[in-house]
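# Close look at the chain arrangement
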Amino acid sequence: TLNVAFTDVKAQVVPDDNGVLLFSDCTFTSYGTVFNGTVLQATGTRAPYVQLDRCDFIGDGTFASASLYLAYATAVLRDVTFTNASYCSVSPGYLFVDNVVSDHSTQFGLNLGSDSDLFIDNVTVTNASFGGLELSGDTRNGTNVLIGPNVTLQGNNFPVHLTIAGLYAASNIPATGNTNNMIHVSEFA
């Protein structure tokens, strides 16, 4: 277990199976990326648990910006911002997301995926080069997503991009305000 508070993280952090990483009031800049994208969950181990409270990921304007990239993990994000080309990718995973903001990502704003149903609310994504929300499921069984009423998706290439995922009919998708005011669907991201 690692518990970090009030820290400027400028180095890559790699969560491992059975690990617990707790970050509060931290700023991630430079090479400050939380990344386990190459780690596959091994038999008999637990997925890493990563919790971020009141943290900021501030990119440098490039694809190499400080970001959050997790696969096969449990992630809790509360009051987290991603700006200036930084991005958030937690897919597939077990997610809790509350008051998360993404602005000016050079990729998708938030890439969120689960192998079970997912509810997304209290999220703002603006000015992403790709989809504001990129939603995906595990290739074994996909996911269905309900986008709540407190979600803002503006100035993105598409408001939503679906990959191995579906949307509940009551989802809040803006009809205007994005470059392409439609849902983008593809087989794989």
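Before reading on, note that the structure itself is shown above.
A brief structural summary. (Residues numbered from 1 in each chain as written. Predicted model: local features only at pLDDT ≥ 70, side-chain atom pairs only at ≥ 80, totals over all residues. Heavy atoms only, no water.)

Turning next to the pairing of strand β15 (residues 131–137). Among the 7 residues of β15, 7 are classified as buried, and the element is accordingly described as predominantly covered. By the bridge criterion, 5 bridges tie strand β12 (residues 110–114) to β15 in an arrangement that is parallel. Across the sheet, leucine 110 pairs through a bridge with leucine 133, a residue of β15. Bridging between β15 and strand β18 (residues 158–163) involves 5 bridges; their strand directions are parallel. The residue bridging leucine 133 from the neighbouring strand is valine 160, located in β18. (Buried < 20%, exposed > 50% of the residue type's maximum accessible area, 1.4 Å probe, protein only. Helix = DSSP H or I, 4+ residues; strand = E, 2+ residues; numbered from the N terminus. Pairing = 2+ DSSP bridges.)

A separate point is the sheet that holds strand β20 (residues 183–186). The parallel open sheet is built from 7 strands, whose spatial order is β5-β8-β10-β12-β15-β18-β20. Whereas interior strands pair on both sides, the edge strands pair on one side only; in this sheet they are β5 (34–35) and β20. As paired strands, β5 and strand β8 (residues 68–70) are joined by 2 bridges and run parallel to one another. Residue pairing in the sheet places valine 34 in a bridge with leucine 68 of β8.

Right, let's talk about the nonpolar core for a bit. One recurring pattern in soluble globular proteins is that nonpolar side chains are buried together. Judged by nonpolar contacts, the single largest core of 40 residues is most densely connected at Phe23, Phe28, Leu52, Leu68 and Leu133. At 5 residues, the largest contribution of residues to this core is made by strand β9 (residues 73–83). For leucine 68, the contacting residues outside a window of four places in its chain are Val34, Leu52, Phe57, Leu77, Phe82, Tyr87, Cys88, Ser89 and Val90. (Core = buried A, V, L, I, M, F, W, Y, C linked by side-chain atoms within 4.5 Å. Contact = heavy atoms within 4.5 Å.)

Now for the side chain of asparagine 36. Summarising the element assignment, asparagine 36 is placed in the loop between β5 and β6 (49–53). Judged by its relative accessible area of 1%, asparagine 36 falls in the buried class. For asparagine 36, the side chain forms a polar contact with the main-chain nitrogen of alanine 71, separated by 2.8 Å. Dropping the residues within four chain positions of it, asparagine 36 is found in contact with Pro15, Pro48, Tyr69, Leu70, Ala71, Tyr72 and Ala73. (Polar contact = N/O pair within 3.5 Å; in protein donor to acceptor, adjacent residues only side chain to side chain.)

Under the defined criterion, the tally for this structure stands at 3 salt bridges. When the shortest N-O distance is used, the salt bridge between arginine 54 and aspartate 25 registers 2.9 Å. Of the two residues, arginine 54 is situated in the loop between β6 and β7 (56–58) and aspartate 25 in the loop between β3 (20–24) and β4 (27–28); the sequence distance between them amounts to 29 residues. Here aspartate 53 ties to arginine 78 by a salt bridge, and the two come within 2.6 Å at their closest N and O atoms. With aspartate 53 in strand β6 and arginine 78 in strand β9, this pair connects stretches of sequence that are 25 residues apart. By relative accessible area, which is 10% here, aspartate 53 ends up buried. Since its relative accessible area comes to 30%, arginine 78 is described here as partly exposed. (Salt bridge = Lys/Arg side-chain N within 4 Å of Asp/Glu carboxyl O.)

All right, on to the pairing of strand β16 (residues 143–147) then. Only one face of β16 is buried: it carries Thr143, Val145 and Ile147, and the other face, with Asn144 and Leu146, is open. Relative to β16, strand β13 (residues 118–120) runs parallel, the two sharing 3 bridges. Counted as the bridge partner of isoleucine 120 is isoleucine 147 from β16. Relative to strand β19 (residues 165–167), β16 runs parallel, the two being bridged by 3 bridges. Counterpart to threonine 143 in the pairing with β19 is alanine 165.

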